[in-house]
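Close look at the chain arrangement
In case you want the letters, here they are:
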Amino acid sequence: MIANLSLPLLLLVFAFAGAAVIFSSIRATHLADVIADRTRMGEAMAGGIILGGATSLAGVVVSVNAALDGDASFAFSNAVGGIAAQTLFLAIADLIYRRANLEHAAAEPANLFQAVMLMILLSLPLCAIAGPDITYLGVHPVSVVLFLAYLYGVRVSAHVSEEPMWRPVMTAETRTDAPEDEAEAGRSAMGPALRFAALVAIMGLGGFVISQVGGAFIERFGLRSSLVGSLITAVVTSLPEFVTTIVAVRRGALQLAVGGIIGGNTFDTLFLVASDVSLREGSLYHAVGTTDLYWLGTGLLMTGILLAGLIARQRQGPARIGFESVAMLAVYGIAATIEVVG
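Bear in mind the structure is a predicted one, so any value in this text is a computation, not a measurement. (Residues numbered from 1 in each chain as written. Predicted model: local features only at pLDDT ≥ 70, side-chain atom pairs only at ≥ 80, totals over all residues. Heavy atoms only, no water.)

**Here we look at the overall build of the protein chain**
Helix and strand counts for the protein chain stand at 12 helices and 0 strands. Traced from its N-terminal end to its C-terminal end, the protein chain shows the element sequence α-α-α-α-α-α-α-α-α-α-α-α. A compact globule built from 342 residues would reach a C-alpha radius of gyration of about 20 Å, and the protein chain, at 19 Å, matches this within 12%. Once the C-alpha set of the protein chain is aligned to its principal axes, its extents read approximately 55 × 40 × 40 Å. Expressed as a percentage of its 342 residues, the buried residues of the protein chain come to 57%. With the model as given, the accessible surface of the protein chain reaches about 13,700 Å², and the carbon-plus-sulfur share is 69%. Where the 18 positive side-chain charges of the protein chain centre and where its 25 negative ones centre are 8 Å apart. (Helix = DSSP H or I, 4+ residues; strand = E, 2+ residues; numbered from the N terminus. Rg over C-alpha atoms; globule rule 2.2 N^0.38 Å. Buried < 20%, exposed > 50% of the residue type's maximum accessible area, 1.4 Å probe, protein only. Areas by Shrake-Rupley, 256 points an atom, 1.4 Å probe, with all protein chains shown as cover. Lys, Arg positive; Asp, Glu negative; His and termini not counted. Charge placed at Lys NZ, Arg CZ, Asp CG, Glu CD.)

Pasting the structure below:
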């Protein structure tokens, strides 16, 4: 039904769905911070697992719907394009946080581990693409490995957060992860968790609508699936991460901001697993093109740059931001330009 709408109505539906996802994510950010305080989970873990997974739901709905429709490129590029876009959001947040380089102020061992984990997870699809085209029950073995690696990585990340074997050097600009209200620790997290779940449902519905509109754009205007996936639906469904990052930075929850992006990106690799399962024509990894692979490489490169920045912890660099933020802005700008021109 959405595909048959006139162009003005199609754009209106797209904007409405995007707005619903964004506004839901704003409220979800506050609730994730409350849940972190009440459960003593910590901002980095709450950002990486609770907030990162929830704000990624709209994107996974887009990729799964595209795979069910047989458009592997749309499904794949939406996933990896979202990872690149969300990493870019940290550079933009660094521009907004003027006290110091964001990666310096938000020093947290769990975020370092999750960045390493993300690079490992992004490397697995590359191995699948370069390897033999095989499937079992329609699923490539790498998808199973990727899923299990994610689960194990989350477990280790939780251990790193709870019992770190080393701690970052504290400076005047370092923001520590401490509950905003000590009284929160004694209160139940059930109420905020239920409201959080309701907001997640709204995000998922918004993702479904966005996927339908994106498919309509591809068919009606003859746009490349990789273009729509990497620069339209991926960016729109990633806006919750952008909003939650900015809101978290303004609240001073810097570990939540950084952890939400990195954790959301690790969760986004599961889009590929879900898409591979949903694509019935064979392996997802052998149905994509070089443009989709290019965005996978871009996401991997930007993650490596981010990890370097988290380790180096430069206080201030060009334009009062870290060298990693400058590099990430440049890499994404070049990648987007090549995608549009190509």
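On we go.
**Looking at helix H3 (residues 57–68)**
The first and last C-alpha atoms of H3 sit 17 Å apart over 12 residues, in line with the 16 Å expected at 1.5 Å per residue. Of all 12 residues making up H3, 9 are buried, and the element is well covered by its neighbours. Looking only at H3, the buried set comprises Ala-58, Gly-59, Val-60, Val-61, Val-62, Ser-63, Asn-65, Ala-66 and Ala-67. Structurally, H3 contributes buried residues whose contacts are with helix H1 (7–39), helix H4 (72–96), helix H8 (190–221), helix H9 (225–251) and helix H10 (254–278). Gly-70, located one to two residues past H3, shows a positive phi value of around 85°. (Expected span 1.5 Å × (residues − 1). Contact = heavy atoms within 4.5 Å.)

**A short note on the packing of aromatic side chains**
This model, assessed by the stated rule, comprises 6 aromatic pairs. Between Phe-89 and Phe-242 the ring centres are 5.0 Å apart and the planes differ by 55°, which places this aromatic pair in the tilted class. Taken as a pair, Phe-89 in helix H4 and Phe-242 in helix H9 lie far apart in primary sequence, 153 residues in all. The partly exposed category is assigned to Phe-242, whose relative accessible area is 23%. Aromatic rings pair up to connect Phe-14, Phe-217 and Phe-221 into one cluster. (Phe/Tyr/Trp six-rings, centres within 6.5 Å; stacked < 30°, edge-to-face > 60°.)

**As for the nonpolar core**
Ranked by internal contacts, the top residues of the largest apolar core, which has 81 residues, are Phe-76, Leu-102 and Tyr-332. Of all the elements, H4 adds the most residues to this core, at 14 residues. Once residues within four sequence positions are removed from consideration, Tyr-332 is found in contact with Ala-84, Ala-85, Leu-88, Ser-230, Leu-231, Val-235, Trp-295 and Met-302. Judged by nonpolar contacts, the second largest core, of 9 residues, contains Ile-35, Ala-54, Phe-196 and Met-203. (Core = buried A, V, L, I, M, F, W, Y, C linked by side-chain atoms within 4.5 Å.)

Everything listed is a geometric property; what it means functionally is a separate question.
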